[in-house]
Amino acid sequence: MRRSASVKSLLFYGLSGPIIALNIWLVSQFYRLFQHPITILIVAAILAFLLNYPVKFFERARITRTQAVIIVLLAALTLFVILGVTLVPIVVDQTLQLLNKIPGLLSASQENLQQFEALARQRRLPLDLRVVSNQINVSIQNVVQQLASSAVGVAGTLLSGLLNMVLIVVLAFYMLLYGDRVWSGMVNLLPSNIRVPLITSLRLNFHNFFLSQLLLGLFMIVCLTPIFLILNVPFALLFAILIGISELIPFIGASLGIGLVVILVLLQSWWLAIQVAIAAILLQQIKDNLIAPKLLGDVIGLNPIWIFVSILMGFEIAGLLGTLVAVPIAGTIKGTFDAIKNGKTEFGSITIPHPPVDERN
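Residues numbered from 1 in each chain as written. Predicted model: local features only at pLDDT ≥ 70, side-chain atom pairs only at ≥ 80, totals over all residues. Heavy atoms only, no water.

*Asks:* Looking at this model, I keep getting lost on the overall build of the chain. Mind explaining?
*Replies:* The secondary structure content of the chain amounts to ten helices and two strands. Secondary structure of the chain in N-to-C order comes out as α-α-α-α-α-α-α-α-α-α-β-β. Here the chain, with 361 residues, has 34% of them falling under the buried criterion. Counted over contacts in the chain with a minimum sequence separation of 6, partners at least 24 positions apart contribute 72%. (Helix = DSSP H or I, 4+ residues; strand = E, 2+ residues; numbered from the N terminus. Buried < 20%, exposed > 50% of the residue type's maximum accessible area, 1.4 Å probe, protein only. Contact = heavy atoms within 4.5 Å.)

Following this line, the structure appears as structure tokens:
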């Protein structure tokens, strides 16, 4: 009897790996086939998730949901217009200046490497930096080519982005109005032992996760911008926004953003790069140790290794968008399976009741 159970267990774990790999491959192929509509759908869903909080706030003030959705969307669009008129032109201007300056910075770095190699030879040190120098030359050529190609397609990119933004806003509007009915109709097809923990885990790992990541990214931008201005960092606003946006990528995003900014500053001044690194790392530690635990708590509940693996898999399947949603998806799957295994429908002190059944579905 024990031998039969062990054989069944061995077959289960042996077959689960190929099945999971096959499903991941099918998901990646499906995404590549319908990449554009899926991207718009996911971004609109995330926007609807986030805007649903203020919509519920207005509903408590005895305003109909349609009126609340219209008010929130108008307020969000007004905020986007204000940012587009004030901050976006500055960021675009600094980005163009930085891109135009990168080839010169790389050339200066190449000269510094040659001087360093000459100094090492004078001191009879066996140092050969020709490989690094050749790599810098290749980087300069790639940057120049990318600048030339991007300059041609700027108008088309802006027009395409504007159209995508309109589609996202319209789709988010309808999701806020009718999303509950569609969602209820979908989840009611699942058994109750799966439906309840799935809804609970989705709420914890998507709603709270994205809201917390946005607040943490905003904290980094608001705090780093004046610090960089005080340090006279060139492109201060652009670098602060770059680090803040990278915060949306969990676990490694902020470190990657800080590392990229430090490298860009290092091409201009090594002493300023040290100051930027110290300021950004100290602020990151404050964010990770004091603010993030209060916002996130133990929402995801994943081992850091699995977080890193899920980010890599998400990037391989859907690029940047995949890195943004990989961790909450992995946390949702883990939370759902744990709840089913333990026979629970609660996560901590939060219990999500069964969704109401919409008879029209």
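And the narrative resumes.
*Asks:* How should I be thinking about the UniProt feature "transmembrane region" (unreviewed entry) in the chain in this particular structure?
*Replies:* What UniProt calls "transmembrane region" (unreviewed entry) maps, in this numbering, to residues 12-31, 37-55, 67-92, 151-177, 209-231, 237-263, 270-286 and 306-331. Structurally, residues 37-55 is divided into 100% helix and 0% strand, and its ends, taken at the C-alpha atoms, are 26 Å apart. The distance from the first to the last C-alpha atom of residues 270-286 is 24 Å, and the span holds 100% helix and 0% strand. (UniProt positions renumbered as here; feature names shortened; annotations may be inferred.)

*Asks:* It is not clear to me how unusual backbone geometry should be interpreted in this structure. Could you clarify?
*Replies:* Of all residues except glycine, most have a negative phi; of all peptide bonds, most are trans. One non-glycine residue, asparagine 232, lies in the positive phi region at around 60°. Structurally, asparagine 232 is set in the loop between α6 (192-230) and α7 (236-246). Positive phi outside glycine occurs at phenylalanine 235, with the angle close to 60°. Mapped onto the elements, phenylalanine 235 comes out in the loop between α6 and α7.

*Asks:* Help me understand the packing of aromatic side chains in this model?
*Replies:* Each aromatic ring pair is summarised here by two numbers: the centre-to-centre distance and the angle between the ring planes. Evaluated as defined, the whole model comprises six aromatic pairs. Ring geometry for phenylalanine 235 against phenylalanine 239: centres 6.0 Å apart, planes inclined by 75°, an arrangement best described as edge-to-face. The pair phenylalanine 235 / phenylalanine 239 is uniform in exposure class, with both members buried. (Phe/Tyr/Trp six-rings, centres within 6.5 Å; stacked < 30°, edge-to-face > 60°.)

*Asks:* Help me understand a nonpolar patch on the surface in this model?
*Replies:* On the surface, a nonpolar cluster with roughly 670 Å² of combined accessible area is contributed by Ile70, Leu74, Leu77, Leu79, Phe80, Leu83, Leu87 and Ile90. Assignment of secondary structure puts leucine 77 in helix α3 (residues 65-122). For leucine 77, a relative accessible area of 36% puts it in the partly exposed group. (Patch = residues over 30% accessible without salt bridge, like charges linked within 9 Å, V, L, I, M, F, W, Y side chains within 5 Å. Areas by Shrake-Rupley, 256 points an atom, 1.4 Å probe, with all protein chains shown as cover. Salt bridge = Lys/Arg side-chain N within 4 Å of Asp/Glu carboxyl O.)

*Asks:* What's the story with the confidence of the model for the chain in this structure? I'm lost.
*Replies:* Close inspection of predicted coordinates is inappropriate for parts of the model with low pLDDT. Model confidence for the chain is summarised by a mean pLDDT of 76, while 73% of its residues fall at 70 or above. By mean pLDDT, strand β2 (residues 350-351) is the weakest element of the chain at 40, and α7 is the strongest at 90. Taken together, the stretch residues 345-361 has pLDDT below 50 and engages in 35 contacts with residues farther than four places along the chain or on a different chain. (pLDDT = per-residue confidence, 0-100.)

*Asks:* I would appreciate a short explanation of the pattern of salt bridges in the present structure.
*Replies:* Where side chains of opposite charge bring their charged atoms close, a pairing between them can arise. Tallied over the entire structure, the rule returns four salt bridges. In this structure, the salt-bridge partner of arginine 32 is glutamate 316, at a minimum N-O distance of 4.0 Å. In this pair, arginine 32 sits in helix α1 (residues 2-33) while glutamate 316 sits in helix α10 (residues 304-342), placing the two residues 284 residues apart along the sequence. Here lysine 287 ties to glutamate 247 by a salt bridge, and the two come within 2.8 Å at their closest N and O atoms. With lysine 287 in helix α9 (residues 270-296) and glutamate 247 in the loop between α7 and α8 (253-266), the pair connects residues that are 40 residues apart, well separated along the chain. Of the two residues, lysine 287 and glutamate 247, both sit in the buried class. The network of salt bridges with common partners includes Glu247, Lys287 and Asp288.

*Asks:* What is the right way to look at the environment of leucine 260 in this model?
*Replies:* Mapped onto the elements of the fold, leucine 260 is located in helix α8. Leucine 260 sits in the partly exposed class, given a relative accessible area of 41%. Sequence separation between leucine 260 and isoleucine 243 is 17 residues, and the spatial gap between their C-alpha atoms is 8.7 Å.

*Asks:* Just checking my understanding: could you explain the packing of α7 against α8 for this structure?
*Replies:* Helix-helix packing: each pair is described by the crossing angle between the helix axes and the interaxial distance. Close contact between α7 and α8 brings their axes to 7 Å; oriented N to C, the two are set at 155°. In terms of axis orientation, α7 runs roughly antiparallel to α8. Pair α7 / α8 crosses with right-handed handedness. Along the contact surface, α7 presents Phe239, Leu242, Ile243 and Ser246, while α8 presents Gly253, Ala254, Gly257, Ile258, Leu260, Val261, Leu264 and Val265. (Axes fitted to C-alpha atoms, helices over the stretch in contact; angles between N-to-C directions. Parallel < 35°, antiparallel > 145°, perpendicular 65-115°, else oblique. Left-handed = near helix turned anticlockwise from the far one by under 90°.)

*Asks:* Just checking my understanding: could you explain the nonpolar core for this structure?
*Replies:* One recurring pattern in soluble globular proteins is that nonpolar side chains are buried together. By size, the foremost hydrophobic cluster in this structure holds 27 residues, and its most contacted members are Leu224, Phe228, Phe239, Val265 and Val276. Two domains share this core, each providing at least three of its residues, namely domain 1 (37-180) and domain 2 (190-345). Those residues in contact with phenylalanine 239 that lie beyond four places of it in its chain are Leu98, Phe228, Val233, Pro234, Val261, Leu264 and Val265. Membership of the second largest hydrophobic core comes to 15 residues, among which are Ile40, Ala44, Leu51 and Val55. (Core = buried A, V, L, I, M, F, W, Y, C linked by side-chain atoms within 4.5 Å. Domains from an automatic or database assignment.)

*Asks:* Explanation requested: empty space enclosed by the protein in the structure shown.
*Replies:* Empty pockets left among the atoms are what a rolling probe the size of a water molecule brings to light. The tally for this structure, following the rule as stated, stands at one cavity of 30 Å³ or more. For the largest cavity, the calculated volume is near 40 Å³. Lining the largest cavity are Leu47, Leu51, Leu73, Ala76, Leu77, Phe80 and Val169. Counting only elements with at least two residues in the lining of the largest cavity, the list comes to α2 (35-60) and α3. No other element matches α3, which puts four residues into the lining of the largest cavity. (1 Å grid on protein atoms, 1.4 Å probe; cavity = no way out; pocket = protein on both sides within 12 Å on 5 of 7 lines; lining within 4 Å. Points joined across faces, edges and corners; volume = space filled by probe spheres on them.)

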